[in-house]
Amino acid sequence: MKKIIQLLIFVIVLISIFIFYKLYFYDEVSIKLKKTSQIEEASSDKINNNTIENLKYNIILNEENSYSISSVSSEIKYLNNNEIIYMTKVEAIFLGKDKQAVKIISDFAVYNKLDNQTFFEKNVIIRYQSHSIFSDKMLINLKNDMANIYDSVRYEGPNIELKADQINLNLLTKKIDIYMDNNLDNVEIELNK
């Protein structure tokens, strides 16, 4: 009887150690992502867990418009069967029928693969020909070909600089609307000679 109790205590201790190890020390097996045959959709140099280095998506929106986005490092997550990509050191290019590129650079971005909506954040720079817009945040909605640029917005163009709360940019026509959140505030404009 004494040996059975000792054996039972020994088994309980082993099970407790195993459970403790699983909860606190065991690293989950890494999930390896498989490369698909659609190389032009996403290419990567290194795949480890859900982190992908040098990721690039090329999206053909229609016969005249395309959008590409790339990052140095990305993490893929799935929400309700939707692929969401969290990107670091991001560069995106929108090409319209005029073949003039709108280039976007930022420290971070979140790209929704389902609707191609992209949220850029921190040190956002938008360049088009001799025009540059700087901000902390930008949201691109490709369904209506619009970009909303906000949070510390500054525009630099030929012979002009301005500061505003928000700029809306039509990616097709390149027309911009500049405004302040409060109608009583004014856009700050400085003309350069």
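Residues numbered from 1 in each chain as written. Predicted model: local features only at pLDDT ≥ 70, side-chain atom pairs only at ≥ 80, totals over all residues. Heavy atoms only, no water.

Looking now at the overall build of the chain. Counting secondary structure elements, the chain contains one helix and eleven strands. Seen in sequence order, the chain has helices and strands lined up from the N terminus as α-β-β-β-β-β-β-β-β-β-β-β. Looking at the chain as a whole, 28% of its 193 residues qualify as buried. A separation threshold of at least 6 residues defines the contact pool for the chain, and within that pool the share at least 24 residues apart is 33%. As presented, the chain carries roughly 13,200 Å² of accessible surface, and 54% of it is formed by carbon and sulfur atoms. (Helix = DSSP H or I, 4+ residues; strand = E, 2+ residues; numbered from the N terminus. Buried < 20%, exposed > 50% of the residue type's maximum accessible area, 1.4 Å probe, protein only. Contact = heavy atoms within 4.5 Å. Areas by Shrake-Rupley, 256 points an atom, 1.4 Å probe, with all protein chains shown as cover.)

Attention now goes to the pairing of strand E4 (residues 82–95). Two elements, strand E3 (residues 66–79) and E4, share 13 bridges in a ladder whose sense is antiparallel. Considered in E4, the bridge of Lys77 is made with Ile84. The hairpin formed by E3 and E4 contains two residues between the paired strands, and Asn80 there has a positive phi angle of roughly 50°. Here E4 folds back onto strand E5 (residues 101–112) in antiparallel fashion, the turn holding five residues, of which Lys99 has a positive phi close to 60°. (Pairing = 2+ DSSP bridges.)

Moving on to the side chain of Asn168. With respect to the helices and strands, Asn168 occurs in strand E9 (residues 160–170). According to the relative accessible area criterion, Asn168 is buried, its value standing at 18%. Separated by 2.6 Å, the side chains of Asn168 and Asn148 make a polar contact. A distance of 3.2 Å separates polar atoms of two side chains, one belonging to Asn168 and the other to Tyr179. (Polar contact = N/O pair within 3.5 Å; in protein donor to acceptor, adjacent residues only side chain to side chain.)

Let us look at the pattern of salt bridges. According to the stated counting rule, one finds five salt bridges in the structure shown. Across the pair Lys137 and Asp151 runs a salt bridge, and its minimum N-O distance is 3.8 Å. Here the residue Lys137 occupies a position in strand E7 (residues 131–141), and Asp151 occupies one in strand E8 (residues 146–157), the gap between them amounting to 14 residues. Under the relative-accessibility criterion, Asp151 is labelled partly exposed at 33%. One salt bridge in this structure joins Asp177 and Lys175, with 3.0 Å as the shortest N-O distance. Relative accessible area serves as the criterion here: at 36%, Asp177 is assigned to the partly exposed category. Here Lys175 falls in the exposed class, since its relative accessible area comes to 51%. (Salt bridge = Lys/Arg side-chain N within 4 Å of Asp/Glu carboxyl O.)

Within the largest apolar cluster, 34 residues are counted, with the highest numbers of intra-cluster contacts made by Tyr67, Ile69, Phe120, Ile126, Met138 and Ile140. Taken together, the elements giving at least two residues each to this core come down to strand E2 (51–60), E3, E4, E5, strand E6 (118–128), E7, E8 and E9. Sort the elements by how many residues they give to this core and E4 lands first, with five residues. Apart from the residues within four sequence positions on either side, Ile69 is in contact with Leu55, Lys56, Tyr57, Met87, Val90, Glu91, Ala92, Tyr111, Thr118 and Phe120. (Core = buried A, V, L, I, M, F, W, Y, C linked by side-chain atoms within 4.5 Å.)

Right, let's talk about the packing of aromatic side chains for a bit. Under the criterion given, the structure shown has one aromatic pair. Taking 5.2 Å as the distance between ring centres and 40° as the angle between the ring planes, the aromatic pair formed by Tyr57 and Tyr111 counts as tilted. Pair noted here: Tyr57 is in strand E2 and Tyr111 is in strand E5, with a separation of 54 residues, a long-range link. Accessibility expressed as a relative area gives 3% for Tyr57, which makes it buried. Under the relative-accessibility criterion, Tyr111 is labelled buried at 1%. Positioned above the aromatic ring of Tyr86 is the side chain of Lys77, whose terminal nitrogen or guanidinium carbon lies 5.3 Å from the ring centre. (Phe/Tyr/Trp six-rings, centres within 6.5 Å; stacked < 30°, edge-to-face > 60°. Lys NZ or Arg CZ within 6 Å of the ring centre and 35° of its normal.)

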